[in-house]
Amino acid sequence: MKVISVIFLCIIIHTQSFAQNGSMYHEQYRPQIHFSPKAHWMNDPNGMVYNDGIYHLFYQYCPGSTVWGPMHWGHAVSTDLVHWKEQPIALYPDSIGYIFSGSAVVDKNNTSGFGKNGNAPLVAVFTQHDPVGEKQNTDVFQNQSIAFSNDNGKTWIKYKGNPVIKNPGIKDFRDPKVMWYDEGKKWILVMAVKDHVSLFSSLNLKDWTKESDFGEHFGAHGGVWECPDIFYMNYKGKKVWVITCSINPGAPNGGSGTQYFVGDFDGKNFTTTDTITKWIDYGPDDYAGVTWSNTGDKKIFLGWMSNWSYAIDVPTIKWRSATTLPRELKLKHINDKIFIASKPLPALSKNELKPVILNDAEINRNFDLLSKTGRIKFPCRIKMNLKKPEDFTVVLSNDAKEKVLIGYNKNENRYFIDRTNSEKTDFQKDFAGKHFAPRLTTADSMNLDLIIDESSVELFADNGISVMTEIFFPSKPYNKINIEAPEKIAVKRIEYALLKSIWPL
Ligand code: FRU
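Basis of the calculations
- Every chain begins its residue count from 1, and numbering advances along the sequence as written.
- The predicted origin of the model limits local features to residues at a pLDDT of at least 70 and limits the giving and counting of side-chain atom pairs to 80 or more, whereas totals for whole chains, interfaces and linings rest on all residues.
- Each side-chain value is worked out from all heavy atoms of the structure, with water and hydrogens disregarded.
- Start and end points for every domain follow an automatic or database-based domain assignment.
- In what follows, a contact means two residues having at least one pair of non-hydrogen atoms within 4.5 Å.
- Accessible area that two parts lose when put together, with a 1.4 Å probe and added across both, is what the buried area reports.
- For this analysis, a salt bridge means a side-chain nitrogen from Lys or Arg found within 4 Å of a carboxyl oxygen belonging to Asp or Glu.
- By definition, any uninterrupted DSSP run of H or I lasting at least four residues is a helix, any uninterrupted run of E lasting at least two residues is a strand, and each is numbered from the N terminus.
- For this classification, Asp, Glu, Lys and Arg are treated as charged, while Ala, Val, Leu, Ile, Met, Phe, Trp, Tyr, Cys and Pro are nonpolar and the rest, including Gly, are polar.
- Working definition: rings of Phe, Tyr and Trp (its six-membered ring) pair if their centres are within 6.5 Å, and the pair is stacked with planes under 30 degrees apart, edge-to-face with planes over 60 apart, and tilted otherwise.
- Accessible area is worked out with a 1.4 Å probe on protein chains only. A residue is then buried under 20% of its type maximum, exposed over 50%, and partly exposed in between.
- Criterion for a charge above a ring: Lys NZ or Arg CZ within 6 Å of the ring centre, and within 35 degrees of the ring normal.

Before going further, it helps to examine the domain arrangement of the protein chain. Along its sequence, the protein chain is organised into domain 1 (2–344) and domain 2 (352–497). Averaged C-alpha coordinates put domain 1 and domain 2 at centres separated by 29 Å. Facing 35 residues of domain 1, the contacting portion of domain 2 comprises 34 residues. Both faces combined, the contact of domain 1 with domain 2 buries some 2,800 Å², and carbon together with sulfur accounts for 63% of it. Linking domain 1 with domain 2 are two salt bridges. One salt bridge in this structure joins Glu-458 and Arg-327, with 2.7 Å as the shortest N-O distance. Listing elements by their share of the side of domain 1 that touches domain 2, those giving two or more residues are strand S21 (327–334) and strand S22 (337–344). Considering every element that reaches the side of domain 1 that touches domain 2, the biggest residue donor is S22, with six residues. Looking at side-chain class alone, the side of domain 1 that touches domain 2 contains 16 nonpolar, eleven polar and eight charged residues.

The following block contains the structure:
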């Protein structure tokens, strides 16, 4: 009898743990092709660095809670930027403060002296935020610290001389991003300082000298500047420099967003001739993004797929927030101005099932993708080429009449995503609504790449010049896709592909 009950108990335990594992990463709203932590709160991506075949993604993480709190660096790794494995927490708060946003580099020449046995160390540079100093209104509670790793990011040792950049008496003084500046054989660090960025240089990642400020009179200023990045891209035979910088609030569709500046950098000053404010992503849900370090000529950018206006209220239960898809950045001229175009990485298509391709399709008011393809399931990808810009709307919906609309309005010459009737929107007053992105190109034809997950859509229009990212929370997954147009329109090609989940089933 005893033996039977033990066996029975084992079966129950086994079944339960299988059920738990089986449902892990498959809960309601759980992104299937984006990284999200198994549990608890996440915000900005941090310390993104490639080393020895591994892409590291650290992130602002609050273990034990689904709202922001004492910040740690969570950690995930990937070999292809598609599949992710969550790792143990990398950095814990200490007496200097919480671990806020920052970056990591491979110190190839061991300039820091942290390397061991001829191996290059990883060095992380991050803000420490002292909650006690903040409460006491000291103004100097954000300082920059460093830590190093000699086992490719598995374990980290904080530098004894921290902090390495002391606060001069400015409340918002954070988010260092470091790069190696080969012409000057020195490290360059850009960080956010209230309403602008400051640039510093160093020979050893420990001693930093201020070089310059940028931004007070450029770009958007509706809120505080955060999480900047500086890098160059080889373009038409020369180096073109870029500073990206997130801002909260003050984004084009409300709340937080990321602007960028194209220009030049001489080792000391960044200069730009930009006169308009440019945004990496016009949608409401791409914030605090920066690029991976040590990826050579490729610039790969990834953001936090949420918005400070409502991030702590979104209706996920076990975890909060995901990252956007990683995107490759390229420069492109439109008339005499240079813009950044973002595109999903080619590696994503490894995860695509064979697409259904419809050539020369005519959309006569309504086009039901289900009847043409026989299956609609998320996540999926829709690519569309239109012969010319025309009004259209891609409608994602379910039997409960919940919907998200994605489209283009010719009169206004802008793209839109409307999540007003996407279902769960009442958790925060600013969530429901229609959001816009200008069509920046003047090209005759139009192309779109839509990547739709369980609770998000990323729109890359005109080869990634106009980009929008948006999250939503339907009561049950959408299972219909219709393309609607007020008039007959000619579509050169529609490609529809299911994407496999990146998580084990
Ligand atoms: C941006 C930000 C950063 C800060 C971090 C704290 O989202 O506010 O400026 O370092 O989040 O979690």
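The description of two aromatic rings rests on the distance between their centres and on the angle between their planes. Inspection of every chain in the model, using the stated rule, returns 35 aromatic pairs. Both rings, one in Trp-41 and one in Trp-304, keep their centres 6.1 Å apart while their planes meet at 65°; by these two values the pair is edge-to-face. Highlighted residues: Trp-41 in strand S1 (residues 40–51) and Trp-304 in strand S19 (residues 300–304), separated in sequence by 263 residues. The class of Trp-304 is buried, set by a relative accessible area of 0%. Note on Phe-214 and Phe-261: the rings are 5.1 Å apart at their centroids and 80° apart in plane angle, and the pair reads as edge-to-face. Here Phe-214, found in strand S12 (residues 209–214), pairs with Phe-261, found in strand S15 (residues 257–265); they are 47 residues apart in sequence, far enough to count as distant. In terms of burial, Phe-214 and Phe-261 fall into one category: buried. Taken together, the aromatic side chains of Tyr-25, Phe-35, Tyr-50, Tyr-55, Tyr-59, Tyr-61, Trp-84, Trp-292 and Trp-503 make up a single cluster linked through ring pairs. Positioned over the ring face of Trp-319 is Arg-30, at 3.8 Å from the centre of the ring. Positioned above the aromatic ring of Phe-339 is the side chain of Lys-278, whose terminal nitrogen or guanidinium carbon lies 4.9 Å from the ring centre.

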